[in-house]
Amino acid sequence: VRVPTGWRVSALLRQGMQLEPLADGNTYRLVRKDGWNVVLRDARGQAYEDPVVVGFFDADHVGVVAHTDIRVLLAVSRFGEVRVVQTLSDEMSVRLVQGDAAWVTTYTPGEGIESAPLGPSTLTRVTRTGVSTTKAESPGVISRVVPFLDRADVFAYGTEQGTFTAVSGEASWQGLGVPLVWVDDQRLLFVQDNALWVRSAASSTKERLRTMTEIPTTAIVSSTLSGMW
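Below is a summary of the structure that appears in this document. Source: prediction; values computed, not measured. (Residues numbered from 1 in each chain as written. Predicted model: local features only at pLDDT ≥ 70, side-chain atom pairs only at ≥ 80, totals over all residues. Heavy atoms only, no water.)

Moving on, we get to the overall build of the chain. The secondary structure content of the chain amounts to one helix and 19 strands. For a compact globule of 229 residues, the expected C-alpha radius of gyration is about 17 Å, and the chain comes in at 18 Å, within 12% of that figure. Across its three principal directions, the C-alpha atoms of the chain cover 55 × 40 × 35 Å. The buried share among the 229 residues of the chain stands at 41%. Taking all contacts inside the chain whose residues are at least 6 apart in sequence as the whole, residues at least 24 apart take part in 31%. Here the chain has roughly 12,500 Å² of accessible surface; of this, 49% comes from carbon and sulfur atoms. (Helix = DSSP H or I, 4+ residues; strand = E, 2+ residues; numbered from the N terminus. Rg over C-alpha atoms; globule rule 2.2 N^0.38 Å. Buried < 20%, exposed > 50% of the residue type's maximum accessible area, 1.4 Å probe, protein only. Contact = heavy atoms within 4.5 Å. Areas by Shrake-Rupley, 256 points an atom, 1.4 Å probe, with all protein chains shown as cover.)

As structure tokens, then:
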């Protein structure tokens, strides 16, 4: 499909949600046309600074990364509650919020301020209530995660080094390329060598679908709850 001028992939995560500064310039509110209007302050009334929408836990709870004196992942409710889900260290990055959980990577910082992060890294799933489970460890830097809906046992993750690992229940496999999206809980679409492939967990076989003139960064299956235009 043709997308609007200036459109960015991050618009998918926001789903129309906007962060608007209040008159003081330091406090923000989360607003949307369907009635969302929540001011981002902690229990002491201190404003959360530099907020970024990172996804939706569900239709009524948005994931926001922000900070006061510490950096945190928040679950912001349509009904006004602003709750801390996870305190984030400098070595932690929230990659995605989807299906009532956040997917957080932890990596090794580089030697200097401007240095790229280093492996090893871990991938952790954190529910909206704060229950944390380590899902994977990698010698490289985990840079993306592709879960299937709200399933904790079906996900894929890619690294900065160009490798990926896919897990579907008890089955798992590794490969080269970029994981894009699960068609269902058994079949993963991924890009490798300028081509689009699909691999089945059940059969352990992959099929080349087509050559790509450009490398996609994300994909959506509109017939599932993975995402919608």
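Strand order in this open sheet of four strands is 16-17-18-19, and the pairing throughout is antiparallel. The open sheet has two edge strands, strand 16 (178-182) and strand 19 (206-211), and neither has a second partner. Averaged over neighbouring strand pairs, the angle between their axes works out to 25° when direction is ignored. Of the pairings in the sheet, the one linking strand 17 (residues 187-192) to strand 18 (residues 195-200) comprises six bridges and is antiparallel in character. Note that in strand 18 the partner of Q192 across the bridge is A195. (Pairing = 2+ DSSP bridges. Axes fitted to C-alpha atoms, helices over the stretch in contact; angles between N-to-C directions.)

What follows concerns the pairing of strand 1 (residues 18-21). Looking down a regular strand, the side chains alternate between one sheet face and the other. Where strand 1 and strand 2 (residues 28-31) come together, four bridges link them in antiparallel fashion. Within the sheet, the bridge partner assigned to E20 lies in strand 2 and is R29. Between strand 1 and strand 2, which pair antiparallel one after the other, the connecting turn spans six residues, and G25 there sits at a positive phi close to 80°.

Strand order in the open sheet formed by three strands is 1-2-3, and the pairing between neighbours is antiparallel. If you trace the sheet from one side to the other, it starts and ends with strand 1 and strand 3 (37-39), each paired once. Across this sheet, the average inter-strand angle for adjacent strands is 25°, counted without regard to direction. As paired elements, strand 2 and strand 3 share three bridges and run antiparallel to each other. Considered in strand 3, the bridge of R29 is made with V39.

Bringing the environment of A43 into the picture now. Note on placement: A43 falls in the loop between strand 3 and strand 4 (49-58). Note: C-alpha distance between A43 and E81 (38 residues apart in sequence) is 9.7 Å.

Honestly, that's just the spatial picture; any functional story needs more than this.
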